[in-house]
Amino acid sequence: MFVNAKPEKPLPVQSNPVILCRLDDIPDGGTRGYPDTDPATIVLVRSGDEVRAFENRCPHTGAPMEWRRHQFLSFDDYHLACGIHGALFRPDDGFCVAGPCSGASLMPVTVRVVDGCVLLDTD
């Protein structure tokens, strides 16, 4: 005989991370867009074994930022750059240091690196 019972507390929701790419798919000090389409919706920025991610939308116009597929860095490879108006963003926190949206920031996206894979947390 089976008895239907409700748990006293809701069961924990399991996180379902999405694999964006392998860490090695992003050059160290470089960028990559995800998904692998043009334009991408997420900008991935690698520094060693760390990856930061931002929405691929310039705060000035909301337009995608890459000036070429997977290319989000300024010509000196120091800042993230908007390919439309040339706004420059710090790659560590997405803060705009120059351009028409100076003082604004890119929207961060939560990612983590596990076993050589870059994962998007969907929670």
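Being a predicted model, the structure only gives us computed values, none of them experimental.

A.B. asks: Explain the overall build of the protein here, please?
C.D. replies: For the protein, the helix and strand inventory stands at zero helices and 10 strands. The linear arrangement of helices and strands in the protein, starting from the amino end, is β-β-β-β-β-β-β-β-β-β. The burial tally for the protein puts 34% of its 123 residues in the buried class. Partitioning the contacts of the protein with sequence separation of at least 6, the portion at a separation of at least 24 is 44%. If you sum the accessible surface of the protein, you get close to 7800 Å²; carbon and sulfur atoms cover 53% of it.

A.B. asks: How do you make sense of unusual backbone geometry when you look at a structure like this?
C.D. replies: Glycine aside, negative phi is the norm for most residues, and most peptide bonds take the trans geometry. Of the consecutive residues Y34 and P35, the connecting peptide bond is found in the cis state with omega at -5°. Relative to the assigned elements, P35 resides in the loop between β2 (31-34) and β3 (42-47). Even without a glycine there, the phi angle at D77 is positive, about 60°. Looking at the element boundaries, D77 is found in the loop between β4 (50-55) and β5 (80-81). Positive phi, close to 50°, is recorded for D115, a residue that is not glycine. Along the polypeptide, D115 turns up in the loop between β9 (111-114) and β10 (117-120).

A.B. asks: Please clarify how the pattern of salt bridges should be interpreted in this entry.
C.D. replies: Pairing between side chains of opposite charge can happen when their charged atoms approach one another. Applying the stated rule across the entire model yields four salt bridges. Here R52 makes a salt bridge to E50, at a shortest N to O gap of 3.5 Å. Residue classification places R52 among the partly exposed residues on the basis of a relative accessible area of 32%. In this structure, E55 and R57 form a salt bridge, with 2.8 Å as the shortest nitrogen-oxygen distance. E55 sits in the partly exposed class, given a relative accessible area of 24%.

A.B. asks: I keep staring at the sheet that holds strand β1 (residues 18-22) and nothing clicks. Help me out?
C.D. replies: Each strand in a sheet pairs with its neighbour through backbone hydrogen bonds, running either in the same direction (parallel) or in the opposite one (antiparallel). Sheet architecture is open: three strands sit in the order β1-β10-β9, paired in antiparallel fashion. Of all the strands in the sheet, just β1 and β9 have a single pairing partner and so form its edges. Between one strand axis and the next, the sheet turns through 30° on average, direction left out of account. As defined by bridge partners, β9 adjoins β10 across four bridges and the pair is classed as antiparallel.

Each value, and the rule that gives it
Every chain's residues receive numbers from 1 upward, in the order its sequence appears when written. Where local features are concerned, this predicted model is filtered to residues with pLDDT of at least 70; where side-chain atom pairs are given and counted, the filter is 80 or more; whole-chain, interface and lining totals use all residues. Hydrogens and water are ignored here; the side-chain numbers use all heavy atoms of the structure. Strands are runs of DSSP state E lasting at least 2 residues, helices are runs of H or I lasting at least 4, and numbering of each runs from the N terminus. The buried label applies to any residue whose accessible area, calculated with a 1.4 Å probe on protein chains only, is under 20% of its type's maximum; exposed applies above 50%, and partly exposed to all values in between. Contacts: residue pairs with any heavy atoms within 4.5 Å of one another. Only the protein chains shown count as covering a residue, and every accessible area follows the Shrake-Rupley method with a 1.4 Å probe. Note on definitions: salt bridges are taken to be side-chain nitrogens of Lys or Arg within 4 Å of carboxyl oxygens of Asp or Glu. What makes two strands pair is DSSP finding at least two bridges between them. Axis angles are defined between N-to-C directions and span 0 to 180 degrees, where every axis is a line fitted to C-alpha atoms and, for a helix, only to the segment in contact.

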